[in-house]
Amino acid sequence: MAITPTDAISWTRLVFFYLVRFICLPILLYYTCTYWDHTLGIALFLLALLPPATSSPAMTSIFRGDVSLSFVLLILGSLLAPLLIASLVHVVIGKSIPI
């Protein structure tokens, strides 16, 4: 099975999505919200790090989106979440979470 140029574009978009979704967004939320309340910043940081919901393929189907891409995002997010949550909490907040 050969990778076509459109597949390469999809993979680069997928990597970009996960960089923004699991790294940039939680860090931005944490530093923005800790300006007002430290506890709220930690709560939103952890909430942003959670993997995508299992209902996302169903919602994608309802809105006539690409269901197979939704499953790929769901599976990759669920696999990456335990490692990313523990490492980003340690780096950003300075606390450790045992896995």
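Refer to the structure printed above.
Residues numbered from 1 in each chain as written. Predicted model: local features only at pLDDT ≥ 70, side-chain atom pairs only at ≥ 80, totals over all residues. Heavy atoms only, no water.

1. Side note on the nonpolar core
Let me state the cut-off plainly: Residues belong to one nonpolar core when they are buried, are Ala, Val, Leu, Ile, Met, Phe, Trp, Tyr or Cys, and are joined through side-chain atoms within 4.5 Å. Burial classes: relative accessible area under 20% of the type maximum marks a residue as buried, over 50% as exposed, and values in between as partly exposed (1.4 Å probe, protein chains only). Counting from the N terminus, the helices are the DSSP runs of H or I reaching at least four residues and the strands are the DSSP runs of E reaching at least two. Any two residues whose heavy atoms approach within 4.5 Å at even a single point are treated as in contact.
Ranked by size, the top nonpolar core spans nine residues in total: Y30, F45, L49, A81, I85, L88, V89, V92 and I93. For this core, the elements supplying multiple residues, two or more each, are α2 (38-49) and α4 (67-93). The element that contributes the greatest number of residues to this core is α4, accounting for six residues. L49 has contacts with R21, F22, P26, A81, I85, L88 and V89, leaving out every residue within four places of it along the chain. By size, the runner-up hydrophobic cluster in this structure holds five residues, among which are Y18, F22, L73 and L84.

2. Some words on a nonpolar patch on the surface
Basically, it comes down to this: Put simply, a patch holds well-exposed residues, over 30% relative accessible area, that have no salt bridge, with like charges counted together within 9 Å and Val, Leu, Ile, Met, Phe, Trp or Tyr side chains within 5 Å. To be clear on the numbers: accessible area is Shrake-Rupley with a 1.4 Å probe, and residue cover counts the displayed protein chains and nothing else. We count a salt bridge whenever a side-chain nitrogen from Lys or Arg sits within 4 Å of a carboxyl oxygen from Asp or Glu.
A grouping of V15, L19 and I23 is seen on the molecular surface, where their side chains present a nonpolar patch of about 240 Å² in accessible area. When you line up the elements, V15 lands in helix α1 (residues 5-33).

3. A few points about unusual backbone geometry
For R64, which is not a glycine, the phi torsion comes out positive at approximately 60°. Taking relative accessible area as the criterion, R64 reaches 74% and is therefore assigned exposed.

4. Considerations on the packing of α2 against α4
Selection criterion: Only the stretch in contact is used when fitting a helix axis, every axis being a line fitted to C-alpha atoms; angles between N-to-C directions are given from 0 to 180 degrees. For classification, angles of less than 35 degrees are called roughly parallel, those exceeding 145 degrees roughly antiparallel, those between 65 and 115 degrees roughly perpendicular, and all remaining angles oblique. By convention, the crossing between two helices is left-handed when the near helix turns anticlockwise from the far helix through less than a right angle, and right-handed when the turn is clockwise. Residue classes follow a fixed rule: Ala, Val, Leu, Ile, Met, Phe, Trp, Tyr, Cys and Pro count as nonpolar, while Asp, Glu, Lys and Arg count as charged, and any other residue, Gly among them, counts as polar.
In contact at an axis separation of 10 Å, α2 and α4 are set at 155° when each is read in the N-to-C sense. The pairing of α2 with α4 is recorded here as roughly antiparallel in orientation. Once α2 is placed against α4, the crossing between them reads as right-handed. Residue-level contacts link I42, F45, L46 and L49 of α2 to A81, I85, L88, V89, V92 and I93 of α4. Across the contact of α2 with α4, the residue classes break down as ten nonpolar, no polar and no charged.

5. Focus on the environment of L74
Summarising the element assignment, L74 is placed in helix α4. With 18 residues separating them along the chain, L74 and S56 place their C-alpha atoms 7.6 Å apart. In this view, L74 contacts Y18, P52, A53, T54, S56 and P57; residues no more than four positions away in its chain are not counted.

6. Points about the side chain of S70
You can see S70 is positioned in helix α4. When residues no more than four places from it in sequence are discounted, the contact partners of S70 are S56, P57 and T60.

7. A short note on the environment of P82
With respect to the helices and strands, P82 occurs in helix α4. A C-alpha to C-alpha distance of 8.9 Å links P82 and L50, two positions 32 residues apart in sequence.

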